[in-house]
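Each chain, letter by letter, is given below.
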Amino acid sequence: VQLQASGGGLVQPGGSLRLSCAASGSIRSINDMGWYRQPPGKQRELVATITSGGTTNYADSVKGRFTISRDNAKNTVYLRMNSLKPDDTAVYYCNANGFEYGLRYFNSWGQGTLVTVSS
């Protein structure tokens, strides 16, 4: 299963961006989808996750500013980011896990998309 992320870029502090990530391949079902980020010089950290039923979980640093959603028919997860801060600058990675046809488990990562928040 492959994940293709898009939507990163340069934005001024206080601005907004929306990231998208589409999964493709021999997908029977997707359980959890999520976004993680890796700031410059730091380790990868969780941003937000969403279950197949729509239950969400957010890092404290993004609560109230970011919204994760998914379109199960399109196997796509989104991350709406508002009120962006310079500390949000990072490479953002999407993740999905579930089962392929044949009941083989997968846990896949997207290629990463760079978000830079700067004036």
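The structure under discussion appears in the preceding block.
Residues numbered from 1 in each chain as written. Predicted model: local features only at pLDDT ≥ 70, side-chain atom pairs only at ≥ 80, totals over all residues. Heavy atoms only, no water.

## Some words on the pairing of strand β8 (residues 76-81)
Filter applied, for reference: Under the scheme applied here, a residue whose accessible area is under 20% of the maximum for its type counts as buried, over 50% as exposed, and between as partly exposed, the area being computed with a 1.4 Å probe on protein chains only. Per the convention used, a helix needs a DSSP run of H or I reaching at least four residues, while a strand needs a run of E reaching at least two, with both numbered from the N terminus. In short, DSSP must find at least two bridges between two strands for them to pair.
Judged by how many residues are buried, β8 sits mostly within the fold: five of six residues are covered. Strand direction decides the pairing type here: strand β3 (residues 17-24) and β8, joined by six bridges, are antiparallel. Following the sheet pairing, L17 is matched in β8 by M81. Relative to β8, strand β7 (residues 66-71) runs antiparallel, the two being bridged by six bridges. Note on β8: the bridge partner recorded for T67 is R80.

## Observations concerning the side chain of S108
So the rule is basically this: Side-chain atoms alone can form a polar contact between residues adjacent in sequence; in general such a contact is a pair of N or O atoms within 3.5 Å, and within protein one must be able to donate a hydrogen while the other accepts it. Contact criterion: two residues are considered in contact whenever any of their non-hydrogen atoms come within 4.5 Å of each other.
The topology assignment puts S108 in strand β10 (residues 105-109). Among the polar contacts made by the side chain of S108, one reaches the main-chain carbonyl oxygen of V1 at a distance of 2.9 Å. For S108, the residues in contact, after removing those within four places along its chain, are V1, L3, C94, N95 and A96.

## Looking at the side chain of D88
One can find D88 in the loop between β8 and β9 (90-100). The residues contacting D88, other than those within four sequence positions of it, are R37, R65, F66, S83, V115 and V117.

## Side note on the state of the cysteines
In plain terms, the rule: Two cysteine sulfur atoms make up a disulfide if the distance between them is within 2.5 Å.
In the structure shown here, the tally under the stated rule is one disulfide. Each sulfur of the disulfide joining C21 and C94 lies 2.0 Å from the other. In this structure the cystine formed by C21 and C94 twists about its S-S bond by roughly 60°; its chirality is therefore right-handed. Within this pair, whereas C21 is found in strand β3, its partner C94 is found in strand β9, the two being separated by 73 residues in sequence. Assessed through its relative accessible area of 1%, C21 is described here as buried. Using a relative accessible area of 0% as the deciding quantity, one classes C94 as buried.

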